[in-house]
Amino acid sequence: MLETRITRLLGIKYPIIQGGMAWVSTAELAAAVSNAGGLGIIGAGHMPTLNLREQIRKAKKLTDKPFGVNLMLLTPHIDELIEVTLEEGVPVITTGAGNPGVFIGRFKEIGTKVIPVVPSVALAQRMQKVGADAVICEGTEAGGHIGELTTMVLVPQVVDAVSIPVIAAGGIADGRGLTAAIALGADGVQIGTRFICATECTAHINFKNKVVAAKDRETTVSGRSTGHPVRVIKNKLTREFERMEKEGATSEELDQFGVGKLPLAARDGDIENGSVMAGQSAGLVKSIMPAADIIQEILADFYEAANLLSSYASLGGDCVE
Ligand code: TUI
């Protein structure tokens, strides 16, 4: 057990939430993380409505622990995905890429906890006002669709501005990151990139190997000019995207060029022409291992780092005048 406001809110053992990743975090990964004491999340992304229902039912079969669904609000059929999620009744939803304000109440009515991803203090405050149970503060280090601020500056500012629990995300892959997040005032962490490389993750092996092989400077942000910035690992696709941006392609042309590129990488394994969405923490991911082992390693490293902090604190306490 590592008890915080988040473990109590969600009824989980450890304050570790697996990021909901479209085409990457399916029921298998979500259930494995939940069975290991964290909170697993199915990434709905652009998933057809029927598939989401199947995924939720599969997760219910694979785990008796709480799990969640991430709703990506830019998806054109988001209203249908919301209805299915309401009908199936899941313990938790997280939301990304937009403001879930208008439908928070309907989820709360059926007892689903609602945790929006927020890239700013203002949105965190608005979410608290409309009834969010907690917020995920995701820094620009994260993979996929991102905001502007780093985790290091966003988390403490949101912690100061709201009273609901805060989950730190973006750039966190190990126990040192968890310790740092707790030091910044967070009640838990959301980890995406590291869980791509869980054995139970159904993403293509080429995608996982690309994350394991990535070094510190190997991600880039595509699509700033279109207003939909996305962090991905550099490859032929990102070079082509950059060339099109330089040559003055329109937002529509660039958006069109991006269509279907995530499944091309994550499902089909084409990691040169597909979109390998991953965060800067890819440089910290060294191997593919079971989700339960990832969580246990994070905890062991958390206690080591936390003990170090505590030894500094006891020394400092003696010399403070
Ligand atoms: O949503 C994510 N990450 C994602 S979604 C995704 S799928 C995708 N595919 C193609 C193009 C774009 C996306 C891949 N990765 N993370 C959560 C997140 N949410 N990061 C930033 C935000 C965010 C941004 C603006 C949340 C709210 C927001 O609000 C704007 C407003 O309406 O106030």
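Basis of the calculations
- Residues numbered from 1 in each chain as written.
- Predicted model: local features only at pLDDT ≥ 70, side-chain atom pairs only at ≥ 80, totals over all residues.
- Heavy atoms only, no water.
- Helix = DSSP H or I, 4+ residues; strand = E, 2+ residues; numbered from the N terminus.
- Rg over C-alpha atoms; globule rule 2.2 N^0.38 Å.
- Contact = heavy atoms within 4.5 Å.
- Areas by Shrake-Rupley, 256 points an atom, 1.4 Å probe, with all protein chains shown as cover.
- Near = heavy atom within 4 Å.
- Polar contact = N/O pair within 3.5 Å; in protein donor to acceptor, adjacent residues only side chain to side chain.
- Nonpolar A, V, L, I, M, F, W, Y, C, P; charged D, E, K, R; others polar.
- Salt bridge = Lys/Arg side-chain N within 4 Å of Asp/Glu carboxyl O.
- Buried < 20%, exposed > 50% of the residue type's maximum accessible area, 1.4 Å probe, protein only.
- Pairing = 2+ DSSP bridges.
- Domains from an automatic or database assignment.
- Buried area = accessible area lost by both parts, 1.4 Å probe.
- Phe/Tyr/Trp six-rings, centres within 6.5 Å; stacked < 30°, edge-to-face > 60°.

Asker: Can you explain the overall build of the protein chain? Please cite residues and give values.
Answerer: When helices and strands are counted, the protein chain shows 14 helices and 11 strands. Taking 321 residues into account, the globule formula puts the C-alpha radius of gyration at 20 Å, and the protein chain, at 19 Å, falls close to it. Taken along its principal axes, the extent of the C-alpha atoms in the protein chain is 60 × 45 × 35 Å. In the protein chain, the proportion of contacts linking residues at least 24 apart, taken out of those at least 6 apart, comes to 61%. Total accessible area on the protein chain stands at roughly 14100 Å², and carbon and sulfur atoms take up 54% of it.

Asker: Hey, could you go over the site of the ligand for me, with residue numbers and the actual values?
Answerer: Inspection of the region around the ligand gives Met 72, Gly 96, Ala 97, Gly 98, Asn 99, Val 117, Pro 119, Leu 123, Glu 138, Gly 144, His 145 and Met 277 as its neighbouring residues. At 3.2 Å from a nitrogen atom of the ligand is found a side-chain nitrogen or oxygen belonging to Glu 138. One of the backbone nitrogen or oxygen atoms of His 145 is found 2.9 Å away from a nitrogen atom of the ligand. When the ligand is considered free in solution it has 720 Å² of accessible area, and contact with the protein chains removes 74% of it. Grouping the amino acids of the shell around the ligand by side-chain chemistry returns six nonpolar, five polar and one charged.

Asker: Account for the pattern of salt bridges, naming residues and giving values.
Answerer: Scanning the model with the defined rule gives 18 salt bridges in all. Between Arg 243 and Glu 247 there is a salt bridge, with its nearest N and O atoms 2.7 Å apart. Owing to a relative accessible area of 37%, Arg 243 belongs among the partly exposed residues under this scheme. Of the residues examined, Glu 247 reaches a relative accessible area of 60% and is grouped as exposed. Linked by salt bridges that have partners in common, Arg 53, Arg 57, Lys 60, Glu 87 and Glu 88 make up one network.

Asker: I'd love a proper account of helix 2 (residues 27-35), names of residues and values included.
Answerer: Counting buried positions along helix 2 yields seven of nine residues, so the element is predominantly enclosed. Among all positions in helix 2, only Ala 27, Leu 29, Ala 30, Ala 31, Ala 32, Val 33 and Ser 34 are buried. At the exit of helix 2 stands Gly 37, carrying a positive phi of roughly 105°.

Asker: Help me get a handle on the environment of Cys 201, residues and values and all.
Answerer: Looking at where Cys 201 falls in the secondary structure, it is placed in the loop between helix 9 (193-196) and helix 10 (205-213). Those residues in contact with Cys 201 that sit more than four places away from it in its chain are Val 24, Leu 29, Phe 195, Ile 196 and Lys 208.

Asker: Would you mind going over the pairing of strand 11 (residues 230-233) in detail, with residue names and values included?
Answerer: Burial along strand 11 is two-sided: the face carrying Val 230 and Val 232 and the face carrying Arg 231 and Ile 233 are both buried. Where strand 7 (residues 144-145) and strand 11 come together, two bridges link them in antiparallel fashion. For His 145, the partnering residue across the bridge sits in strand 11 and is Val 230. Here strand 10 (residues 219-222) pairs with strand 11 via four bridges, running antiparallel. Paired with Ser 222 across the two strands is Val 230, which belongs to strand 11.

Asker: If you had to explain the sheet that holds strand 10 to someone new, which residues and values would you point to?
Answerer: Overall, antiparallel pairing links the three strands, which are arranged 7-11-10 in an open sheet. Each edge of the open sheet is held by one strand with a lone partner, namely strand 7 and strand 10.

Asker: Any details on the side chain of Thr 75? Residues and values, ideally.
Answerer: Checked against the element boundaries, Thr 75 lands in the loop between strand 3 (67-72) and helix 4 (78-88). Judged by its relative accessible area of 2%, Thr 75 falls in the buried class. At a separation of 3.2 Å, a polar atom in the side chain of Thr 75 contacts the main-chain carbonyl oxygen of Gly 45. If we skip the residues at most four places from it in the chain, Thr 75 touches Gly 45, His 46 and Leu 81.

Asker: Can you explain the domain arrangement of the protein chain? Please cite residues and give values.
Answerer: Parsing the protein chain into structural domains produces domain 1 (5-202 + 294-318) and domain 2 (208-280). Of note, the centres of domain 1 and domain 2, computed from C-alpha atoms alone, are 23 Å apart. With 17 residues of domain 1 in contact, the opposing surface of domain 2 contributes 16 residues. Together domain 1 and domain 2 conceal approximately 1400 Å² of surface at their shared face, both sides included; 65% is due to carbon and sulfur atoms. Summed over the shared surface of domain 1 and domain 2, the result is zero salt bridges. Linking domain 1 with domain 2 are nine residue pairs in polar contact (both at pLDDT 80 or more), by the criterion used here. Secondary-structure elements contributing two or more residues to the side of domain 1 that touches domain 2 are strand 7 and helix 9.

Asker: Break down the packing of aromatic side chains for me, citing the residues and quoting the values.
Answerer: Under the defined criterion, the tally for this structure stands at three aromatic pairs. Taking the centre distance of 5.9 Å and the plane angle of 70° together, the rings of Phe 103 and Phe 107 count as edge-to-face. Of this pair, Phe 103 and Phe 107 both sit in helix 5 (residues 101-109), four residues apart, roughly one helical turn. Overall, Phe 107 belongs to the buried group, its relative accessible area being 1%. Taking 6.2 Å as the distance between ring centres and 35° as the angle between the ring planes, the aromatic pair formed by Phe 241 and Phe 257 counts as tilted. Remark: Phe 257 occurs in helix 12 (residues 251-258) and Phe 241 occurs in helix 11 (residues 236-246); sequence separation between them is 16 residues.

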